[in-house]
Every structure is written in structure tokens, then in C-alpha cells.
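Chain residues, written in single-letter form:
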Amino acid sequence: MGNHGFSERRACRLVGANRSAWQYEPVRGDDGAARERLRAIANERRRFGYRRLAIMLRREGKTMNLKKIYRLYREERLTVRKRGGRKRALGTRAPMTLPQGTNQRWSLDFVSDALACGRRFRVLNVIDDWSRECLASVVDTSLSGKRVVRELAAIVERRGKPCTIVSDNGTELTSRAVLAWCEETGIEWHYIAPGKPTQNGFVESFNGRLRDECLNEHAFTSLAAARRIIAAWQLDYNTVRPHSGLGGLSPAAYVSRPNPGQPWNEPNLSAA
């Protein structure tokens, strides 16, 4: 028609096309309500695929072809993510606020080192984020999720439950044992974003001090010696060692100072 100036009737006859098919303009209805409802159901039931979502829509009176629902499903980028091989603790991803007192937030992490014979061992460190007190430094060659729960339960029995516990996404800390313990005790467990250790800065800072001042300063001849030396350093850290974030006080002195609920003002050492 454009090149030879043929009429529509003659051009369609030459190519063997039906004029009604050539003149047809598809008109799609407004699927906005169906899309919105599809997204809503998919968010409520994250393990449902498009077939089950189609059934849920039909129950609400929205009858559509399964292929159309699949098209909407793909256009809205709704997918069912594959699960891992086992059930893991999910915790919370909500933003955290700074603690304003003891037992409001604990953080924990692992540090590894080696004995003089080359055998590796690990240290589980548990910190109170407000007072910077080291609540436990558990030394052993293997620290499973069940062992972590036992150590945390012992600390809770000694000083009460925390509101929140912060950790990374290690396999020991996302195990079924941790999940069951959180459900039993009602303690909120917060996992930092993967690859973001700065979100667990309090215990990461402690780990750096432990490695610099203790682990790198000693050659541990046995596991018993490592436990003894690390326990002595933990006691010194809590009761004697000045902490710059606490105005030069030790964690024990910071907690026992007058008006512990008031913010600490660092003294002016230049005037002394």
C-alpha cells in the first residue's frame, strides 16, 4: 500500500489476508484491580505459585484464564524462592535503636585462633552493648548451635533476659536450636545484613581488642591454658581496663557509677 499505492482491499487480496484481521485493534481491559489483588495474595502467601493464586482469585469471583494469570504473575515479577536444605532461624531485620540500659541488647560473635600445636579453637564472645561488658568468652574447639544456646541460657539465668540479641548469619546462629530457644524465651533475635559486619560493631570492636591484647600476645600450649588466659583477660577487661567509649571507665565502673541512667560526659583531662 505504501510502495505501490494499492488500496487496502487490493493489497489484502494480493497477500491473502483478511481485511477484518488487518483492521483489528486489540483492546485489553483494565487489569489494575486484578494485579493489585494478585500482589496482595502473593505477599500474604509467599509459598503460593500462580496456579494456587488463580484458585484464590476464582474464589473471590475474579474468573480469568490461567494463561492470563500467569502473564500477570510474570509481569508483576512474583516468584516463589527456593528454600534451603533445612529450616533456619529468620529473626528480625527491623532497624535497631541504641540501648539505654543493661540487658536491652546483647551482641555475639566468634573469634578463632590456634594452639601451639596448630589445633584450631574458637571463642564465643557475648557483649552487653550498653555497658560494653563481656558477659562470656567461651573457648572450645567446637561451638554448635546447641552449645551457644546453653551458654546464653546460663547468662540469662545469672543476669536476666535481654530484649534483643544481635549476631551475623553464621550456621550456628541460624540453627534450629537457636530458633526453638528464641520461641521458648520470647527473646528477639536480630540478624545483621550479610557482608555488613559494621552493623554488629560493638562485638566486632571487642573482638579486635581481644585479638590485639590477648590472642596475639600469648602462645597457648593447651585448651585449658587458653581458657585460663582468656578468662583472666576478660576479668581485667570488665573491671580494670579503661574504655574510651565509656569516658575512660571500665564496664564495671560505668554500670556502678551514680545516676547510671544519665549520659556520660567525658572529663576534661587537659584542665587537670
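Because the structure is a prediction, the values reported are computed rather than measured. (Residues numbered from 1 in each chain as written. Predicted model: local features only at pLDDT ≥ 70, side-chain atom pairs only at ≥ 80, totals over all residues. Heavy atoms only, no water.)

Caption draft 1: Local environment of the overall build of the protein chain. When helices and strands are counted, the protein chain shows 10 helices and five strands. The burial tally for the protein chain puts 37% of its 272 residues in the buried class. (Helix = DSSP H or I, 4+ residues; strand = E, 2+ residues; numbered from the N terminus. Buried < 20%, exposed > 50% of the residue type's maximum accessible area, 1.4 Å probe, protein only.)

Caption draft 2: Geometry of the side chain of Asp-129. Note that Asp-129 resides in the loop between strand S2 (120-128) and strand S3 (134-140). According to the relative accessible area criterion, Asp-129 is buried, its value standing at 2%. Separated by 2.7 Å, the side chains of Asp-129 and Arg-105 make a polar contact. Once residues lying within four places of it in the same chain are set aside, the contact partners of Asp-129 are Pro-99, Arg-105, Trp-106, Ser-107 and Phe-202. (Polar contact = N/O pair within 3.5 Å; in protein donor to acceptor, adjacent residues only side chain to side chain. Contact = heavy atoms within 4.5 Å.)

Caption draft 3: Spotlight on the environment of Asn-103. Position of Asn-103 relative to the elements: it lies in the loop between helix H5 (66-75) and strand S1 (105-114). On the basis of relative accessibility, which here comes to 12%, the residue Asn-103 falls in the buried class. Taking C-alpha positions, Asn-103 is 9.5 Å from Ile-165, a pair spaced 62 residues apart along the chain. If sequence neighbours within four positions are ignored, Asn-103 has contacts with Asp-128, Arg-159, Gly-160, Lys-161, Pro-162 and Cys-163. Reaching out from Asn-103, the side chain makes a polar contact with the side chain of Trp-106 at a distance of 3.3 Å. Here the side chain of Asn-103 touches Arg-159 through a polar contact of 2.7 Å, landing on its backbone oxygen.

Caption draft 4: The arrangement of the environment of Glu-188 in detail. Turning to its location among the elements, Glu-188 is positioned in strand S5 (residues 188-191). The class of Glu-188 is partly exposed, set by a relative accessible area of 42%. Taking the C-alpha atoms as reference, Glu-188 lies 9.5 Å from Arg-105; in sequence the two are 83 residues apart.

Caption draft 5: Up close: the pattern of salt bridges. In total, this model carries 16 salt bridges according to the counting rule given. A salt bridge links Asp-31 to Lys-68; the shortest N-O distance between them is 3.1 Å. On the criterion of sequence distance, the pair formed by Asp-31 in the loop between helix H2 (19-23) and helix H3 (32-44) and Lys-68 in helix H5 is long-range, its members being 37 residues apart. Given a relative accessible area of 11%, Asp-31 falls into the buried group. (Salt bridge = Lys/Arg side-chain N within 4 Å of Asp/Glu carboxyl O.)

Caption draft 6: Highlighting helix H4 (residues 50-59). Here H4 has its buried residues at Tyr-50, Leu-53, Ala-54, Met-56 and Leu-57. For H4, the arc enclosing every buried residue in end-on projection is 160 degrees, short of the 170-degree limit, so these residues lie on one face. Opposite its buried face, H4 presents the exposed residues Arg-51, Arg-52 and Arg-59, each directed more than 90 degrees away. The inward-facing, buried residues of H4 contact H3 and H5. Of the residues flanking the end of H4, it is Gly-61, one or two places downstream, whose phi is positive at about 90 degrees. (Arc of directions from axis to C-beta.)

Caption draft 7: Expanded view of unusual backbone geometry. Positive phi, normally seen in glycine, also occurs at Asn-103, with a value near 65 degrees. Residues other than glycine seldom take positive phi values, yet Arg-132 does so here, at roughly 65 degrees. When you line up the elements, Arg-132 lands in the loop between S2 and S3.

Caption draft 8: Seen up close, the packing of aromatic side chains. With the rule as written, the count across this model stands at eight aromatic pairs. Seen from their ring centres, Phe-206 and Tyr-237 are 4.9 Å apart, and the 85 degrees between their planes marks the pair as edge-to-face. Taken as a pair, Phe-206 in helix H8 (residues 201-213) and Tyr-237 in helix H9 (residues 223-239) lie far apart in primary sequence, 31 residues in all. Grouping residues by exposure puts Phe-206 and Tyr-237 together as buried. Members of the aromatic cluster, each reached through a chain of ring pairs, are Tyr-50, Tyr-70 and Tyr-73. Over the face of the ring belonging to Phe-6 we find Arg-10, whose NZ or CZ atom lies 4.2 Å from the ring centre. Here Arg-257 stacks its cationic end above the ring of Tyr-254, 3.9 Å away from the centre of that ring. (Phe/Tyr/Trp six-rings, centres within 6.5 Å; stacked < 30°, edge-to-face > 60°. Lys NZ or Arg CZ within 6 Å of the ring centre and 35° of its normal.)

Function cannot be inferred from these measures alone, as they are strictly geometric.
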